[in-house]
Amino acid sequence: MTTATPELLTVPEVMARLKLGRSTVYDLIRSRRLVSITIGRARRIPADAVRDFIAGEIGETA
């Protein structure tokens, strides 16, 4: 049985995808609006979490 490993993004990759600055991305992480994990000293954001965040923001405006 094979399980797919989720794609993990760096903060700069999330910044580029969302067209946001570093501070804003870290604010979203701090406020728990964007899910992230820490591996050692590295912060990683699952690609699914970015998609969920976008879908949630679209849902709030609708």
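To be clear, the structure that these remarks concern was listed above.
Residues numbered from 1 in each chain as written. Predicted model: local features only at pLDDT ≥ 70, side-chain atom pairs only at ≥ 80, totals over all residues. Heavy atoms only, no water.

**As for the overall build of the protein chain**
Helix and strand counts for the protein chain come out as three helices and three strands. Traced from its N-terminal end to its C-terminal end, the protein chain shows the element sequence β-α-α-β-β-α. With the principal axes as the frame, the protein chain shows a C-alpha extent of 40 × 30 × 20 Å. Per-residue burial for the protein chain yields a buried fraction of 26% across its 62 residues. Long-range pairs, those at least 24 residues apart, make up 45% of the contacts in the protein chain with a sequence separation of at least 6. Surface exposure of the protein chain reaches about 4,700 Å², of which carbon and sulfur atoms provide 54%. Of the side-chain charges in the protein chain, 10 are positive and 7 negative, and the distance between the mean point of each set is 8 Å. (Helix = DSSP H or I, 4+ residues; strand = E, 2+ residues; numbered from the N terminus. Buried < 20%, exposed > 50% of the residue type's maximum accessible area, 1.4 Å probe, protein only. Contact = heavy atoms within 4.5 Å. Areas by Shrake-Rupley, 256 points an atom, 1.4 Å probe, with all protein chains shown as cover. Lys, Arg positive; Asp, Glu negative; His and termini not counted. Charge placed at Lys NZ, Arg CZ, Asp CG, Glu CD.)

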